[in-house]
Amino acid sequence: MRDKKSRFVLVGPPLIQLLVFGYAATFDLNHIPYAVYNQDSGFASRELLGYFQGSPAFRQVATITREEQIAPLIDNEKVLLVIQIGPRFTEDLLRHRPAPVQILIDGRNSNTATLALNYVNTVLLRFDQRWADDYHWGSPPAQLLVRAWFNPNLLSRWFIVPGIVALLMLVVTLLVTGLSVAREREQGTFDQLLVTPMTPAEILLGKALPGILIGASEGGFIALVAVFWFGVPFVGSILALALGMLLFLLAAVGIGLMISSLAVTQQQGLLGAFLFLVPAIILSGFATPIANMPEFVQDLTLANPMRYFLVVVRGVFLQGDTLSDLWSQYLPMAIIAAMSMLCAAWLFRHRMQ
């Protein structure tokens with residue numbers, strides 16, 4: 001309690017994390033982005049779409065006029081779902097025939113897709129009840145047909161297991177590098193490194209390489225287990241995954257070395273690693289979608305390398321992404337890796353002096 005830094009670590013970060021996680025860690029969906037492909041010109045389809053437009057849980061972002069426009073919207077995550085109404089929707093209802101409504105949904109995040117489908121069912125149920133009361137139907141007039149892209153059966157394992165590749169890589173790499181320099185100081189061998197002819201850059205490289213090698217081995221092994229044990233499909237490019245792993249490991253190693261350079265003891269290094277790990281995991285989109293977080297929390301995720309690597313690993317596994325599809329994720333990870341390595345080098349050289 002006499003140490004000001006310890007008092008801040010014990011009180012400050014938990015309060016900050018409580019406020020951030022209270023907004024970020026939520027399974028409620030607000031303003032679900034959707035597109036409409038309405039092939040019917042009758043009043044019944046307009047009435048059904050009015051239920052979606054009047055619901056606070058949905059936000060229409062596009063109107064589709066051709067079937068070819070559906071795939072790019074879902075592939076690029078512009079929309080979570082597409083509502084497709086056939087050309088005979090109103091005619092079928094007026095003739096007392098069940099009228100199908102097709103929902104095309106992005107199944108990469110099975111949890112989000114399942115929640116969104118529950119919201120869709122709620123809206124459709126209200127429409128069915130109103131139509132049945134007005135036109136004396138004995139059964140639901142509109143029937144929901146669901147097609148989930150990238151994960152047809154909405155298996156949560158297909159969503160969770162690829163994310164574990166990123167999660168365990170970050171944990172292992174950060175712990176290995178975050179404790180390296182602190183352990184040398186605590187054991188008294190750090191002073192021996194200072195009298196060797198090695199430069200600070202060479203010592204820093206020696207501390208970084210074990211974390212990279214261990215993290216790469218861990219990530220490769222988990223990816224193989226995901227495919228051959230858990231049966232998660234791998235339809236993308238191995239090279240795209242390997243490049244994503246390398247950039248992610250460089251960023252994680254840089255952050256770990258920054259923590260290790262600041263820590264005096266292994267206990268401080270371990271505490272610093274976990275103070276970074278918990279927010280990084282919560283704000284990565286591992287369990288809850290980033291798009292559903294408040295805007296100020298979404299801005300915080302931009303500095304989180306795990307956010308980008310999750311897009312890479314899930315895109316490669318489920319969507320079939322290649323190198324050309326993932327440059328928008330590689331570039332931020334490369335910037336974070338360069339900045340963290342430069343900061344780690346400066347802190348390392350400063351502490352050596």
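Overview of the structure. (Residues numbered from 1 in each chain as written. Predicted model: local features only at pLDDT ≥ 70, side-chain atom pairs only at ≥ 80, totals over all residues. Heavy atoms only, no water.)

Reading across the sheet, the five strands line up as 2-1-3-4-5 and stay open at both edges, with mixed pairing between neighbours. The sheet is open, and its two borders are formed by strand 2 (58–63) and strand 5 (142–149), each paired with just one other strand. On average, each strand axis in the sheet is inclined to that of its neighbour by 30°, with strand direction left out of account. Pairing between strand 1 (residues 32–38) and strand 2: five bridges, direction parallel. Each bridged residue has a counterpart across the sheet, and for isoleucine 32 the counterpart in strand 2 is phenylalanine 58. Packed on one face of the sheet, helix 5 (residues 110–135) meets strand 1, strand 2, strand 3 (81–85), strand 4 (99–106) and strand 5 and runs near 165° to strand 5. (Pairing = 2+ DSSP bridges. Helix = DSSP H or I, 4+ residues; strand = E, 2+ residues; numbered from the N terminus. Axes fitted to C-alpha atoms, helices over the stretch in contact; angles between N-to-C directions. Contact = heavy atoms within 4.5 Å.)

With that settled, consider the nonpolar core. Side chains of a nonpolar character, in soluble globular proteins, are inclined to be buried together. Of all hydrophobic cores here, the largest spans 62 residues; its most connected members are Ile70, Ile74, Val82, Met306, Phe309, Phe317 and Met333. Broken down by secondary-structure element, the contributors of at least two residues to this core are strand 1, helix 3 (70–75), helix 6 (156–178), helix 9 (200–228), helix 10 (238–262), helix 11 (266–282), helix 13 (305–319) and helix 14 (327–352). Ranked by residues supplied to this core, first place goes to helix 10 with twelve residues. Beyond its immediate chain neighbours, meaning those up to four positions away, isoleucine 70 contacts Tyr37, Ile64, Val82, Gln84, Leu104 and Trp149. Residues Phe89, Val101, Phe127 and Trp131 belong to the second largest nonpolar core, which totals 34 residues. (Core = buried A, V, L, I, M, F, W, Y, C linked by side-chain atoms within 4.5 Å. Buried < 20%, exposed > 50% of the residue type's maximum accessible area, 1.4 Å probe, protein only.)

Everything listed is a geometric property; what it means functionally is a separate question.
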